[in-house]
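What follows is each chain in one-letter form.
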Amino acid sequence: MSTLVFLEHHGGELQKGSLAVLSKAAGLGAGDVAGLVVGSGVEGLAAQAGAYGAATVYVTEDARLEAPLPQPRVDAIAQLVAEKGIETVLFAQSILATDIASGLAARLEAGLNWQLTDLVAGDGGLVGKQSALGDSVVVDVGWTSTPRIGLFRAGAFDPSEQAAAGTVERFDVQLQEHSLAAEMVEQAHAEESGPSIEDANVIVAGGRGLGEPEKFALVEELAKVLGGAVAATRAVVDAGWYPYSAQVGQTGKSVSPTLYVACGISGAIQHKVGMQSSKTIVAINKDPNAPIFEFADFGVVGDLHQILPKLTEALRARKS
Amino acid sequence: MKIAVCVKEVPDATAHKRIDPGTKRLDRSGEGALNAFDANAVEEALRLKAATGEGEVVVISMGPERALNSLRKALAMGADRAVLVADDAAAGSDLVATSAVLAKALEREQPDLVLFGQQSSDSDGAVLWAAVAERLRRPVISQVAELTLDGVSLTGKRQTEFGYDIIRAPLPAVIAVADSINEPRYPSLKGIMGAKSKPQETLSLADLGVQPGQAGEQGSRTEVLALSDPPPRGDTRKIEDDGSAAEQIVAFLAEKRLI
Amino acid sequence: MKIRPADYPPPFAPSDAIAAPTDPADERIEVGVLIVGGGPAGLACAIRLGQLLEESPETAERLGDVPVAVVEKGKSPGSHLLSGAVLNPRALRRLFKGRLTMDDVPGYGQVHGEAVYVLTKGAALRIPPPPTMRNHGNWVVSVSQLARFLAEQAESGGAAVLPETDAQKLLVSDGRVQGIRTGDKGRGREGQELGTFEPGSDIVARLTVLAEGTQGHLTGAAIARFGLEGVQPQIWALGVKEVWKVPKPLEHIVHTMGWPLRKSSKYGEFGGSFIYPMGRDMVSLGFVAGLEYRDVEFSVHDVLQEFKTHRLVRKILRDGERIAWGAKTITEGGFHALPKRFNAPGLLLAGECAGLVNVPTLKGIHYAIESGIMAAEAAFRSLQRGESPGRVGALDSYDEELRGSYVLQDLREVRNMRQVFDKGFFMGGALATAMTVTKGNLPPKDFHSEANADRTLIRTDRSSRYPAPDGKLTFDKLSSVFLSGNRTRDDQPNHIRIQRQVPHDLADLWVRMCPAQVYEAGAADSAGTVTVEVNPSNCVQCGAITAKGGRLTPPEGGSGPEYTLT
């Protein structure tokens, strides 16, 4: 059973999520695993993939492939699937990968399972573990035909080194007319002002426990040193301490960052449903009975006015 | 200019979304509502129509008969016409099957622009538009936060993990709008009362030329095998600050490879 | 400490809810009969009108493109409805005569026996059901589900049902009711117009039926405007209920009185509980207490949680799971608090907002339906003759019908029962029996009751007895509000009118009273005054604040709870 993993790259580096999926696939030990790199001037990246389990790394390069647009990549993968008899195509979820995987499903009439947190080899096939309904249920999903397409949730696991040959094989892709219709006029570049809440990997959130609006500065400092975004609970937004655009919760935004630091937040369910699928939750609250301690991975009962500045300082020191 | 908006009725998102352990599918027996993200798409279509001064906005959906209620909300907002593909054989369709049916419905309409919302609240999936675009063989742009039309082509400013891209594509095209693109309008009372008399068509799979085997569970390529409870969050640790809480947090974050 | 909520009245006058039409004539929405409230009374009225208009096309013609419209402030009919409920089917049978039977109506079957208990902390003494609590032949229903069903019937009969539409003002000009003005949508916290701003509309009608339920916003204004006040002030009770999924079916309906309420009349704690089976796998239970209580620490929600810890209730809920929660006031004043007249030029009052609730028997839904039917018939008569329903006296036949019906007869019989209670609602005391046996003629003296807000406050440490929420049997208010389906938009204007600087006892009263944790009291200053903070998006629009010194007004249409099983 041969597997192809799409290796997304940005700014001259293979994305960590793609490498994680690659090493997961290699670790399954269920047949050959290959990686795919698409772009312009990217052959150098291909070499890295061997260290994470790719027996082969397919590379296709073309000036028309430089912009990270999904449809030409559908052409590339579909071509490989047909030529090499690939049975499973895996992606690490991202905006680009989602569009590619979906287009590919239609092109190949192939099943697509998304929000996967794991993949196991079952009798004769593969079974995916899908997290659904705000992480309240795990669904075992399967494919009724090949090729299979799978989209793994961001941050589901980390890359692990699995030495493999990593032989580079170049190929040319025939691009379809409709795949060339969209044109990148201006490509995204890193924003100065820090990530938005929806995209942030790290979020530091403040609630009533801060005591007064000025204390949001403590939250902002911590967010800055962690490279994260600032969020707020409904209570403090209602009180005018922070704008509505930062509100996380039932009537605000839903987020699932890798790290969520809740400062002075009680963890009432109206807030919880907006952030419960965060991968790791750290909570600081002076009330030992606050509901947030029931679902925080690391809870600290203490005075955030003391703890936050010390934490920010300690992290800053580590960085330098 | 004809704009088609693909919408979906989803379980009304109050407390109890649950998967039915018998059918292993989402329990849709309660109240339904127009998927909130699709309201952004309908709103954008209405704005584009207003800007060009003429045209038609048609909302298209695949679902059970009672999904007409949600389509009426779009009509109350100002859409001109609704088309519902309602066929028992389509129940349980996955992405492959749903995109095939929607594509056929869209081919029948031949719109200049197809709009989708950002995701649907019932499956956390954000995948349908690219599959539909592929079947229609049209360019697709997703996560569009700002959309401008200039007659024969459009420009979309889209949010990605790395910032904003600006992408241009010729019409006809398929666009998925981000929820930040606009604030959907409230339907006016006149709109609500007038919605019932706007044209509403219900089509079967046969009307679209879709074979029963192409839709529903038969036409799907994925299946649900089992449901289980999520693993417990793992060791939750709780400490009292004795002055060293900050250091302990740093140690925890380092242990988790978060810093 | 002689503080009374009434000494701190809200910044609101009934005339604030009355206005003349302001939209230009071609922008007004015109309907034939406008019904305010998508509950049993309003929908029964719409259904009956549909039946009558079907048989009389010429009258239907005269009512224009939209002969009957029902406006409902909740997300859909039923979203804001909550009750026990055990329904007397006679009014529904009359409504659907020849078309449907009770088997077509969604419900949970007929009552199979009932038990009444007097509770103490550790025991439950079963007593024979008092004459007022005989429920043989009645049906267990969810009033929220019933409304959804009735709305479908109303629509197939030709009515336009318009949910998410709040009635902010009663339109009155030339001495008669012209219709309503609906509320704006898309305003921000400070009242500013947001990008989605949509102004309300004038809906004008030949005749308006107010069927707003408890604490009707326009009803209060109409009663003041047209001088319809009854002999005694209206009073209310607050009910908080939950629906549970249970493995062991409950075989009969249960009512209790006594614990955890305190017997001494100085506390003013009158009420009790109900526990009804909903089919084989669900149970509806709730606690009801009159809002004439005096203790600032009294909280019906917490008393319900405390009540569940009783052995009797634990047994019923064992291994169960809470699946719904809600709260709503119940109109308690009965016969003496009924409005002087139920009609005014161009206006009819139907259902609970007209005071038609029989508290000793805990019944009101069938009265609502019956009065809705009569309102429809009176409306039809006045429209048919080619007369104007706006003419003074045109609708007097409604009053005659209502007063001659069993509805008012029932209310008259129990007219003093509520006021003399000092042992709880559902009692078997000699006095109540005497009243029942003599059909309300003994004792002859008519007792007086004061308005809820006129009661002076006391403070005990009642709250020390409330159980700490364990998340399995007992629950806090916020997670309960979540379970009600409340997703009110946060950045709306505040719809609650209260004085913000009040003595701390009054503030504490509000904080505890509110089942949805809307109010918070800041720290007291040297004079003992606190500033009350309001979290309006928690509000489930129960109406308790209006009874105790404040005023609930309808928020943006579609806001509030989304009850489905209550």
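Below or above, wherever it landed, is the structure these notes cover.

1. A look at the pattern of salt bridges
Phase 1 of the analysis: Within the structure shown, the criterion is met by 55 salt bridges over all chains.
Phase 2 of the analysis: A salt bridge links Glu169(A) to Lys84(A); the shortest N-O distance between them is 2.7 Å. With a gap of 85 residues between them, Glu169(A) in strand β11 (residues 167–170) and Lys84(A) in helix α3 (residues 70–84) connect regions that are remote in the sequence.
Phase 3 of the analysis: Taking relative accessible area as the criterion, Glu169(A) reaches 30% and is therefore assigned partly exposed.
Phase 4 of the analysis: On the basis of relative accessible area, Lys84(A) is assigned to the partly exposed category, the value being 36%.
Phase 5 of the analysis: Two residues, Arg187(C) and Asp184(C), come together in a salt bridge whose shortest N-O distance is 2.9 Å.
Phase 6 of the analysis: The class for Arg187(C) is partly exposed, based on a relative accessible area of 25%.
Phase 7 of the analysis: A residue is classified by how much of its surface remains accessible, and Asp184(C), at 26% relative accessible area, is partly exposed.
Phase 8 of the analysis: If you follow the salt bridges from partner to partner, you end up with Lys2(B), Glu56(B), Arg81(B), Arg108(B), Glu109(B) and Glu201(B) in one network.

2. Some words on the interface of chain B and chain A
Phase 1 of the analysis: Listed per partner, the contact involves 70 residues of chain B and 77 residues of chain A.
Phase 2 of the analysis: If you look at where chain B meets chain A, you find four salt bridges.
Phase 3 of the analysis: Residues Glu134(B) and Arg107(A) are paired through a salt bridge, measuring 2.4 Å at the closest nitrogen-oxygen approach.
Phase 4 of the analysis: Taken together, the connections running from chain B to chain A amount to 29 residue pairs in polar contact (both at pLDDT 80 or more).
Phase 5 of the analysis: Within the residue set of the side of chain B that touches chain A, elements represented by two or more residues are α3 (95–109), α4 (128–136), β7 (140–149), β8 (153–160), β9 (163–170), β12 (222–228), β13 (237–240) and α7 (245–255) of chain B.
Phase 6 of the analysis: Among the residues making up the side of chain B that touches chain A, the classes are represented as 35 nonpolar, 13 polar and 22 charged.
Phase 7 of the analysis: With six bridges joining them, strand β9 (residues 137–143) of chain A and β12(B) adopt antiparallel strand pairing. Of the residues in β12(B), the one forming a bridge with Asp140(A) is Ala226(B).

3. Some thoughts on a negative patch on the surface
Phase 1 of the analysis: Taken together, Glu198(A), Asp199(A), Glu161(B) and Asp179(B) make up a surface patch of like negative charges.
Phase 2 of the analysis: As for its position among the elements, Glu198(A) is in the loop between β12 (183–186) and β13 (202–206).
Phase 3 of the analysis: Using a relative accessible area of 44% as the deciding quantity, one classes Glu198(A) as partly exposed.

Rules of the game
- Residues numbered from 1 in each chain as written.
- Chains lettered and ligands numbered in written order.
- Predicted model: local features only at pLDDT ≥ 70, side-chain atom pairs only at ≥ 80, totals over all residues.
- Heavy atoms only, no water.
- Salt bridge = Lys/Arg side-chain N within 4 Å of Asp/Glu carboxyl O.
- Helix = DSSP H or I, 4+ residues; strand = E, 2+ residues; numbered from the N terminus.
- Buried < 20%, exposed > 50% of the residue type's maximum accessible area, 1.4 Å probe, protein only.
- Contact = heavy atoms within 4.5 Å.
- Polar contact = N/O pair within 3.5 Å; in protein donor to acceptor, adjacent residues only side chain to side chain.
- Nonpolar A, V, L, I, M, F, W, Y, C, P; charged D, E, K, R; others polar.
- Pairing = 2+ DSSP bridges.
- Patch = residues over 30% accessible without salt bridge, like charges linked within 9 Å, V, L, I, M, F, W, Y side chains within 5 Å.
- Areas by Shrake-Rupley, 256 points an atom, 1.4 Å probe, with all protein chains shown as cover.
- Lys, Arg positive; Asp, Glu negative; His and termini not counted.
- Charge placed at Lys NZ, Arg CZ, Asp CG, Glu CD.

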